[in-house]
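One-letter residues, chain by chain:
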Amino acid sequence: MPLRFLIRDGTVICPASGLRGRFDVAIVGERIEAVGESLPAEAGDQVVDAKGLIVTPGLIDLHVHVFDGQDLGVPAATVGLVHGVTTLVDAGSAGAHLYPAFRDGCMRKARERVVAFLNISSIGLTSTLLAGEFETLSYASVEECLRCVDSNRDSIVGIKVRVAAETVGSNGIRPLELAVEAADAAGLPLMVHIASAPPPLESILTALRPGDIVTHCFTGLGNRLSDPDGRVRDDVRAAREGGIIFDLGHGGGSFDVETARALIGEGFLPDVISSDAHAYSIDLVESLPAVMSRFLALGVPLDAVVERATTAAANILGRAKLGRLVPGAVADIAAFELREQRVTFHDVNGREFEGSQLLVPRWTIKDGQLVEAGELGPFGRVWSAT
Ligand SMILES: [Zn+2]
C-alpha cells in the first residue's frame, strides 16, 4: 500500500476550487485523495500537524533560471523545494544548441519538476553580459528551434524571446517575428521579455497572440506598462482583454516599486507572480515567497497572491493536475507560516518599502514526498530580516 499522509488542521487556500479555511488534506501515493473537515485517520497514516500554517498548492515559479553551470543559472535546489516551490519554469536560459546539456545536466537531476521555455536564440542567454543574443540575427533560427521542440515535447512548454534595446541591437522587431513564427509552428505560447525601448511596447503587443506572455510587467524602464501619469496604457488594457498574459518576473531589473504601486492602484495586478531568480538577481529576489511577500506589503490580499504563484501558472502551462488542492491532483503542497513582523524590502532601484508580513516556508510535499526542514537547507530562513 502506498503511504497515506494526513495533513491536519492547516488553513487551506486552493484558488482553483475556491476552498479556503481550516481543512485536512489526505494524500495517497502521488495524488491528493481528499480535502475536507476532520478527515478520518486510517491505521498507518503519517499525520502532519499544520495547525497555524497556511497550506497551499506547491508553488510554481513561471520565470526562473536554473541552467546551473551557465553564467546566469542557479541550482534548482536553491530556488525550489526549500522555498515551497515544486515546479520551476526555466525562462529561456537555453536555446536549441544548449538544450540537451540543460536537460541532461540540470533538469533531469533536479528534485523539483523543471520545464522550460526554449529561447529562439540558439545560444540562449549565455552571452548576456557580453552582447545581446539577437544582435546576430542568424542565431534566431526557427528551424533549429522547431527541431529542438520536436525532440523535447515533454519538457518544453513555450518559446522565449527577449525584445529590448540591449538584446536586439539593430534588428528591431525581427527576432520577435521569428519567435512568433516558431511558437505558431510549434503550437506553443511565447514569453516575451520587455525592458528598454526600442522596439516600442506598442509594436511588441501588436505582434502577440492570445495566450502569449509578457514578462517583466512591473518594469520601470522605457517599455513600462503605465503612462507618465501612472495610468495603465490603453494598449496594455486592450492586450489583456485580448488574452495576453502579464507575468511579473521580478529579477534584477524588473520590479520598480513606483510602477508597481501605480499599476496595482489602477487594479492592474500581474496574472502571474514569478521570481526571475538567477545568479545576478538572487541576492535581491531572495525567493518566490519573498517576492509574494512584497505584494502583501503593497496591499494585495494573500489569496490573490497565492493564486498567481499556483493555479494561474499551472493553467498557463496547461497542467490541470498542478497548482490545486483537489482530489486527483498531483500531491504538491507547500506550508507557510504567515509571520507578522516589520520587514524592509528593496526594489531594483534601491528604493525601500515596508511590509508587516512574511511568508516563511515550513515544509513542502512534492509528488507525495515530504521534504522537511533541514533536509535541503535552511527552511524558514528570513532573508529580508537579516
Ligand atoms: Zn529571466
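Rules behind the numbers
- Residues numbered from 1 in each chain as written.
- Predicted model: local features only at pLDDT ≥ 70, side-chain atom pairs only at ≥ 80, totals over all residues.
- Heavy atoms only, no water.
- Phe/Tyr/Trp six-rings, centres within 6.5 Å; stacked < 30°, edge-to-face > 60°.
- Helix = DSSP H or I, 4+ residues; strand = E, 2+ residues; numbered from the N terminus.
- Buried < 20%, exposed > 50% of the residue type's maximum accessible area, 1.4 Å probe, protein only.
- Core = buried A, V, L, I, M, F, W, Y, C linked by side-chain atoms within 4.5 Å.
- Contact = heavy atoms within 4.5 Å.
- Pairing = 2+ DSSP bridges.
- pLDDT = per-residue confidence, 0-100.
- Donors = N, O, S within 2.8 Å, 3.2 Å for Na, K, Ca; no water.

Some points on the packing of aromatic side chains
1) Next: In this structure the tally under the stated criterion is eight aromatic pairs.
2) Next: Ring plane angle 25 degrees and centroid distance 6.1 Å describe the contact between Phe255 and Phe353, whose orientation is recorded as stacked. A residue pair is termed long-range when its members are at least 10 positions apart, and Phe255 in the loop between β12 (245-247) and α8 (257-265) and Phe353 in strand β14 (residues 352-366) qualify at 98 residues. The pair Phe255 / Phe353 is uniform in exposure class, with both members buried.

Section: unusual backbone geometry
1) Next: Cis rather than trans, the peptide bond between Ala197 and Pro198 has omega equal to -5 degrees.
2) Next: One can find Pro198 in the loop between β10 (190-193) and α6 (201-207).
3) Next: Following Pro198, the chain continues into Pro199 via a peptide bond in cis, with omega recorded as 0 degrees.
4) Next: Within the secondary structure layout, Pro199 lies in the loop between β10 and α6.
5) Next: Despite not being glycine, Asp9 shows a phi value in the positive range, around 70 degrees.

Here's the deal with the nonpolar core
1) Next: The biggest cluster of nonpolar side chains holds 89 residues, and the ones touching the most others in it are Phe102, Ile120, Leu190, Phe246, Phe255 and Phe295.
2) Next: Sequence-distant contacts of Leu190, that is, excluding residues within four places in its chain, are made with Ile159, Lys160, Val161, Leu176, Ala179, Val180, Ala183, Leu208, Arg209, Asp212 and Ile213.
3) Next: Counting residues in hydrophobic clusters, the runner-up holds 20 residues, among them Ile7, Val12, Cys14 and Ile365.

Notes on the pairing of strand β13 (residues 333-346)
1) Next: As paired elements, strand β5 (residues 54-57) and β13 share four bridges and run antiparallel to each other. When the bridges of β13 are listed, Thr56 appears paired with Ala334.
2) Next: Inspection of the sheet shows β13 paired to β14 by 12 bridges, in the antiparallel sense. Its bridge partner lying in β14, Arg339 is registered against Leu358.
3) Next: Linking two consecutive strands that pair antiparallel, namely β13 and β14, is a turn of five residues; a positive phi of about 85 degrees is found at Gly350 within it.

Re the pairing of strand β9 (residues 156-162)
Consecutive side chains along a regular strand alternate between the two faces of the sheet.
1) Next: Counting buried residues in β9 gives seven out of seven residues, a clear majority hidden from the surface.
2) Next: Across four bridges, the pairing between strand β8 (residues 113-119) and β9 is parallel. Within β9, the residue paired with Ala116 across the bridge is Ile156.
3) Next: Across four bridges, β9 lies against β10 in parallel orientation. Opposite Val161, over in β10, you have Val192 as the bridge partner.

Remarks on the environment of Phe67
1) Next: Residue position: Phe67 is located in the loop between β6 (59-64) and α1 (76-79).
2) Next: Classification of Phe67 as buried rests on a relative accessible area of 7%.
3) Next: In the structure, Phe67 is positioned 122 residues away from Pro189 in sequence and 21 Å away in space, judged by C-alpha atoms.
4) Next: With residues up to four places along the chain from it excluded, the contact list for Phe67 reads Gly73, Val74, Asp90, Ser93, Ala94, Leu98, Ala101, Phe102 and Cys106.

What about the environment of Ala140?
1) Next: As for its placement among the helices and strands, Ala140 is situated in the loop between β8 and α3 (142-151).
2) Next: Since its relative accessible area comes to 6%, Ala140 is described here as buried.
3) Next: Between the alpha carbons of Ala140 and Pro327 there is a distance of 43 Å; along the sequence they are 187 residues apart.
4) Next: Not counting chain neighbours up to four residues away, the residues in contact with Ala140 comprise Ile120, Ser121, Phe134 and Leu178.

Observations regarding the confidence of the model for the protein
1) Next: Looking at the protein as a whole, the pLDDT averages 93, with 95% of positions reaching at least 70.
2) Next: Segment residues 376-386 is flagged for pLDDT under 50; beyond a separation of four residues in sequence, or across chains, it makes 30 contacts in the model.

Digging into the coordination of the zinc ion
1) Next: For the zinc ion, the full set of protein donor atoms is His63 (NE2), His65 (NE2) and Asp276 (OD), at a range of 2.1 to 2.4 Å.
2) Next: Of note, the zinc ion draws all its donor residues from one chain, in the sequence arrangement H-x1-H-x210-D. In this pair, His63 sits in strand β6 while Asp276 sits in the loop between α8 and α9 (282-285), placing the two residues 213 residues apart along the sequence. In terms of burial, His63 and Asp276 fall into one category: buried.

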